[in-house]
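Given next are the chains, with one letter for each unit.
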Amino acid sequence: MSDLSRFSVSLEADLLEAFDTYVRDGAFATRSEAIRQLLRQTLTRDAFEGDATPVTATLTIVYDHHRPHLVEKLLELQHQHPGQVVASMHVHLDRDRCLEVIVLRGAGGDLRKLAAALRGLKGVHTGELTLAGSSAGGDGHDHPHPHDHPHPHHP
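Worth saying up front: this structure is predicted, and the values here are computed from it rather than measured. (Residues numbered from 1 in each chain as written. Predicted model: local features only at pLDDT ≥ 70, side-chain atom pairs only at ≥ 80, totals over all residues. Heavy atoms only, no water.)

Asks: Can you tell me about the overall build of the protein, naming the residues and giving the values?
Replies: Helix and strand counts for the protein stand at four helices and four strands. Counting helices and strands in the order they occur from the N terminus, the protein gives α-α-β-α-β-β-α-β. Within the protein, the fraction of its 155 residues that count as buried is 28%. Within the protein, contacts between residues at least 6 apart in sequence are counted, and of these 66% link residues at least 24 apart. About 10,800 Å² of surface is accessible on the protein, with carbon and sulfur atoms providing 55% of the total. (Helix = DSSP H or I, 4+ residues; strand = E, 2+ residues; numbered from the N terminus. Buried < 20%, exposed > 50% of the residue type's maximum accessible area, 1.4 Å probe, protein only. Contact = heavy atoms within 4.5 Å. Areas by Shrake-Rupley, 256 points an atom, 1.4 Å probe, with all protein chains shown as cover.)

Asks: Give me helix 1 (residues 13-25): which residues, what numbers.
Replies: Here helix 1 contains 13 residues, and its C-alpha end-to-end distance of 18 Å stays within 8% of the 18 Å for a straight helix at 1.5 Å per residue. Where helix 1 ends, the next residue or the one after it, Ala27, has phi of about 55 degrees, a positive value. (Expected span 1.5 Å × (residues − 1).)

Asks: Before we move on, could you go through the pairing of strand 3 (residues 97-107) and cite the residues and values that matter?
Replies: Of all the 11 residues making up strand 3, eight are buried; the element is thus mostly covered by neighbouring parts of the structure. In terms of strand pairing, strand 1 (residues 54-64) meets strand 3 through 11 bridges, oriented antiparallel. Following the sheet pairing, Tyr63 is matched in strand 3 by Cys98. In this sheet, strand 3 lies alongside strand 2 (residues 85-92) in antiparallel orientation, the contact comprising seven bridges. The partner of Val85 across the bridge, within strand 3, is Leu104. (Pairing = 2+ DSSP bridges.)

Asks: Pulling in residues and values, what's your account of the sheet that holds strand 3?
Replies: Strand order in the open sheet formed by four strands is 2-3-1-4, with antiparallel pairing between adjacent strands. In this open sheet, the two edge strands, each paired with only one partner strand, are strand 2 and strand 4 (124-134). Averaged over all pairs of adjacent strands, the angle between strand axes in this sheet comes to 15 degrees, irrespective of strand direction. Sitting on the sheet, helix 3 (residues 70-79) touches strand 1, strand 2, strand 3 and strand 4, and the angle it makes with strand 1 is about 170 degrees. In this fold helix 4 (residues 108-119) packs onto strand 1, strand 2, strand 3 and strand 4, with an angle of close to 160 degrees to the strand it touches most, strand 3. (Axes fitted to C-alpha atoms, helices over the stretch in contact; angles between N-to-C directions.)

Limitation: the analysis is restricted to geometry and does not speak to function.
Here's what the structure looks like:
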């Protein structure tokens, strides 16, 4: 972790009260932890809105698996974007609906377009693109953190 810097913030009493409720309900250890998380979320969201900034996101969709050719179309779109689709998880919700969580990595604008294409298929009931964080490099192989670890796909 980098050196900590301290600064003060002036807030209206009602805003501070609402923030303290947020801190308590979110089970944050301190106000500082809550502020750090809010800042990271805001800065990451701003990066996501920049079309070229590399980010990691998830797309969660719920769809009717009885819809003719829908599963094939979902898979085809994902296979057309192998550099952006990192992984997926499939869950059967009931006899008619499936949930799929697709992990995406790449330029924010490209991921938004891919998510729109997947959500727009007939038979997809809901689709939520959620930003996980900024990606360094964006190619799926850069891990700029201080500890070494083996990559599961590279000897």
